[in-house]
Amino acid sequence: LPPLRSGPNIDGVVLLPDGKPAANVDVYLLELPDGFYTLPTKPHKTQTDASGKFGYQNMPEQVYQIWAESKELITHFELLRGLRIAVQAQPQSIDPIRLKLHPGCSLRFKIVEAATGQALAGATIQPHPQDIEREFISDENGVAIIQNLP
């Protein structure tokens, strides 16, 4: 087995639009080998604690993009865009990151059966590319809402 490596930590806090800490928010960390990404990306994911804090430990030295999302709020304005950070061996921790949430856009769909035009409840929508596991299920009226679009 290869030896275990100890790398720098990435820590920070996610804030709501009013500046208060955001609890239970998903925080994504996307590796950018050579400074860019290829699809599918499969970013690392963690969640903030009750005080809005998050952390990634022992991360390899490279460039990353980091962003946060909740049900209706995001920290980035473009798809797969976030704060770009460079992680280097020294120091073992980088300065804490502050990510501020803002309202994201959403799309509302009504899903109907082609043959009858009847609303289709329980239909699953999975946007592409599927870099981040996301599912949107239509309600009893066939309505599904895709949220957190930049």
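Residues numbered from 1 in each chain as written. Predicted model: local features only at pLDDT ≥ 70, side-chain atom pairs only at ≥ 80, totals over all residues. Heavy atoms only, no water.

A. The overall build of the chain, seen in detail. Per the secondary structure count, the chain includes 0 helices and 13 strands. Out of the 150 residues in the chain, the part that is buried amounts to 36%. For the chain, contacts bridging at least 24 residues in sequence account for 64% of all contacts bridging at least 6. Carbon and sulfur atoms make up 53% of the accessible area of the chain, which totals about 9,300 Å². (Helix = DSSP H or I, 4+ residues; strand = E, 2+ residues; numbered from the N terminus. Buried < 20%, exposed > 50% of the residue type's maximum accessible area, 1.4 Å probe, protein only. Contact = heavy atoms within 4.5 Å. Areas by Shrake-Rupley, 256 points an atom, 1.4 Å probe, with all protein chains shown as cover.)

B. Molecular detail of the sheet that holds strand E8 (residues 97-100). Ordered in space as E4-E1-E8, the 3 strands form an open sheet in which the pairing is mixed. One side of each edge strand has no neighbouring strand; the edge strands of this open sheet are strand E4 (53-56) and E8. Pairwise comparison of adjacent strand axes, ignoring direction, gives a mean angle of 25° for this sheet. As paired elements, strand E1 (residues 10-15) and E8 share 4 bridges and run parallel to each other. Bridge assignment links Val 14 to a residue of E8, and that residue is Leu 99. (Pairing = 2+ DSSP bridges. Axes fitted to C-alpha atoms, helices over the stretch in contact; angles between N-to-C directions.)

C. Looking closely at the nonpolar core. Of all hydrophobic cores here, the largest spans 18 residues; its most connected members are Ile 10, Val 14 and Ile 66. At the level of secondary structure, the elements contributing two or more residues to this core comprise E1, strand E2 (26-31), E4, strand E5 (62-69), strand E7 (83-87) and E8. For this core, the element with the most residues is E5, which contributes 3 residues. Listed in part, the 6 residues of the second largest apolar core include Ile 111, Ala 123, Ile 125 and Ala 144. (Core = buried A, V, L, I, M, F, W, Y, C linked by side-chain atoms within 4.5 Å.)

D. Fine view of the pattern of salt bridges. If you walk through the whole model with that rule in mind, you get 1 salt bridge. Asp 26 is paired through a salt bridge with Lys 45; the nearest N and O atoms lie 3.7 Å apart. Residue Asp 26 is found in strand E2, and its partner Lys 45 is found in strand E3 (residues 44-47); the two are separated by 19 residues along the sequence. (Salt bridge = Lys/Arg side-chain N within 4 Å of Asp/Glu carboxyl O.)

E. Structural detail: the side chain of Thr 75. When you line up the elements, Thr 75 lands in the loop between strand E6 (73-74) and E7. On the basis of relative accessibility, which here comes to 15%, the residue Thr 75 falls in the buried class. Separated by 2.8 Å, the side chain of Thr 75 and the backbone nitrogen of Ala 68 make a polar contact. If we ignore the near neighbours within four places in the chain, the residues touching Thr 75 are Trp 67, Ala 68, Leu 99, Lys 100, Leu 101 and His 102. (Polar contact = N/O pair within 3.5 Å; in protein donor to acceptor, adjacent residues only side chain to side chain.)

F. The arrangement of the environment of Trp 67 in detail. Note that Trp 67 resides in strand E5. Judged by its relative accessible area of 1%, Trp 67 falls in the buried class. A C-alpha to C-alpha distance of 9.2 Å links Trp 67 and Arg 84, two positions 17 residues apart in sequence. Of note is the side chain of Trp 67, whose polar atom sits 3.1 Å from the side chain of Glu 69.

G. Molecular detail of unusual backbone geometry. Phi angles above zero are rare outside glycine, and Asn 24 is one such case at about 55°. Its place among the elements puts Asn 24 in the loop between E1 and E2. One non-glycine residue, Asn 58, adopts positive backbone phi at about 55°. On the secondary structure map, Asn 58 appears in the loop between E4 and E5.

Geometric values such as these leave the question of function open.
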